[in-house]
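Descriptive analysis of the structure
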Amino acid sequence: FFFKQKTAYEIAQRLVGSEMCIRDSFNIMLDSAMEDRSPMAINVAKARSQKIHASWAEKIKANPLERVNQLVLGTAYNFKTLGMPLQGFESNLDNLTGETVNEFFREKVIPSRTIFCANGVERHEEFAQLVEEKTKHIPPQSIMNKPRVKAAYTGGETKIPYETPLTSVALIFESVPWTHPDMPVFSVLNTLMGSATGFSMGGPGKGMHCRAIKKIFHRYQFIDSVNTINMHFTDSGIFGLQVSGARQSAKDIGKLIVNELRELQSTVTQEELQRAKNILKINIMLALERQGDRMEEIVKNYATFGGFTFEKYLEVVEQVTLDRVAKAMRNLFTSSKGTLVVVGGNTNDLEPLAKYESDLKQQPWYT
């Protein structure tokens, strides 16, 4: 049941073990999504949310650099749609009542937005009858048919100074949504570039050949961490780098990010590319090793693409070529405005976003 995914899987994993358990777990799962929430349940949820906000505030106070990821999406999408905070606004908690929450569920949990998927079912016909029997009372359409707001990438620049020994810099550009043919290209580039921190390097499976380690960590002593940012959504996507290091070297961090992004379109070798594709294919197979994970991927496939594409994952990864990598990176720098986020010490040492955008376009391939 895709709408209440986490709750559904937690319940199912505890109860499924026989045909009767499948029926019981389905009933509990459906009730958890369809029943009206009581005022007590709403108050408990609000209290938990307030604790999450308080915990996040303490975390930011202890380490302001934790704000970077949220600020990247916020700046990229003008703090709307995909730029909204994941946990919502604490100021909106007072607006949540039993009426507003239950109205939200009645609006969203409708047949056209609902997908049922199960594994371990011996008799499909009986399961289909069970679903039909238990869901026939659901209204066929939404009570309030609000239009979906499409996410619009805007880009921009955010610099927040803190008296910290480290500075974190993120430079990203709009890439592609889930359904775009170049989505596998950016997934391969994400693996090729990789990530690294001073407390997690070396050993099997740590990606010792990724560029984050070989070209950044091993060369620059002032670097504390490197993270490749690669996200894909229904309407958009983002790709770029986040690098943290000594505040005295803040300006060098900005130059380093530009240089590494620039080189991704011109210096990737066939050996690097094939290694990244092999690692990505292994990770895909490991991620789909468990039956429950495969079921979840089937549901996501159907919800996103209207069909099943997971069986072709390895094939589309293998089809990524050096030419496609160069073209994707070229389009990345020329088709959208960049997003620059700087948090920490010496933030004013960084060049303005326009300078970095200009530097990335001054390449042999750019006309």
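Preceding this section is the structure that the text describes.
Below, the structure is looked at part by part. (Residues numbered from 1 in each chain as written. Predicted model: local features only at pLDDT ≥ 70, side-chain atom pairs only at ≥ 80, totals over all residues. Heavy atoms only, no water.)

**Observations concerning the sheet that holds strand 6 (residues 339-344)**
Taking strand neighbours across the sheet as the criterion, the six strands line up as 1-6-2-5-4-3 in an open arrangement whose pairing is mixed. Strands with a single pairing partner mark the edges of an open sheet, and in this sheet they are strand 1 (156-161) and strand 3 (196-197). Bridge count between strand 2 (residues 166-174) and strand 6: six bridges; the pairing is antiparallel. The partner of Thr167 across the bridge, within strand 6, is Gly344. Sheet strands touched by helix 4 (residues 68-76): strand 1, strand 2, strand 4 (223-232), strand 5 (237-246) and strand 6. Its angle to strand 6, the strand with the most contacts, is close to 150°. (Pairing = 2+ DSSP bridges. Helix = DSSP H or I, 4+ residues; strand = E, 2+ residues; numbered from the N terminus. Contact = heavy atoms within 4.5 Å. Axes fitted to C-alpha atoms, helices over the stretch in contact; angles between N-to-C directions.)

**A short note on a nonpolar patch on the surface**
Together, Ile282, Met285, Leu286 and Leu314 make up a nonpolar patch on the protein surface, roughly 370 Å² of accessible area in all. At three residues, helix 10 (residues 270-287) tops the list of elements feeding residues into the nonpolar patch. Relative to the assigned elements, Ile282 resides in helix 10. (Patch = residues over 30% accessible without salt bridge, like charges linked within 9 Å, V, L, I, M, F, W, Y side chains within 5 Å. Areas by Shrake-Rupley, 256 points an atom, 1.4 Å probe, with all protein chains shown as cover. Salt bridge = Lys/Arg side-chain N within 4 Å of Asp/Glu carboxyl O.)

**Details of the environment of Ser225**
Considering the arrangement of structural elements, one finds Ser225 in strand 4. Sequence separation between Ser225 and Val243 is 18 residues, and the spatial gap between their C-alpha atoms is 5.8 Å. Not counting residues up to four positions away in its chain, the partners in contact with Ser225 are Ala196, Thr197, Phe217, Gln242, Val243 and Ser244.

**Section: unusual backbone geometry**
The phi dihedral of Phe79 is positive, around 55°, even though this residue is not glycine. Owing to a relative accessible area of 43%, Phe79 belongs among the partly exposed residues under this scheme. One non-glycine residue, Thr81, adopts positive backbone phi at about 45°. (Buried < 20%, exposed > 50% of the residue type's maximum accessible area, 1.4 Å probe, protein only.)

**Observations concerning the layout of surface pockets**
Counted as a void, the second largest pocket has a volume near 900 Å³. Listing elements by their share of the lining of the second largest pocket, those giving two or more residues are helix 7 (183-193), strand 4, helix 10, helix 11 (291-305) and helix 12 (313-318). With seven residues, helix 11 is the largest single contributor of residues to the lining of the second largest pocket. Looking at side-chain class alone, the lining of the second largest pocket contains 13 nonpolar, 11 polar and five charged residues. (1 Å grid on protein atoms, 1.4 Å probe; cavity = no way out; pocket = protein on both sides within 12 Å on 5 of 7 lines; lining within 4 Å. Points joined across faces, edges and corners; volume = space filled by probe spheres on them. Nonpolar A, V, L, I, M, F, W, Y, C, P; charged D, E, K, R; others polar.)

**Let's talk about the nonpolar core**
Among the nonpolar cores identified, the biggest contains 50 residues, and Leu171, Leu189, Ile223, Phe239, Ile257, Leu261 and Leu264 are the most heavily contacted of them. Sorting elements by how many residues they give to this core places helix 7 first, with seven residues. Setting aside its immediate chain neighbours within four residues, Leu261 contacts Leu171, Phe239, Gly240, Leu241, Met329, Phe333 and Leu360. Of all hydrophobic cores here, the second largest spans 15 residues; its members include Leu71, Val72, Val341 and Val343. (Core = buried A, V, L, I, M, F, W, Y, C linked by side-chain atoms within 4.5 Å.)

The analysis is restricted to geometry; functional conclusions fall outside its scope.
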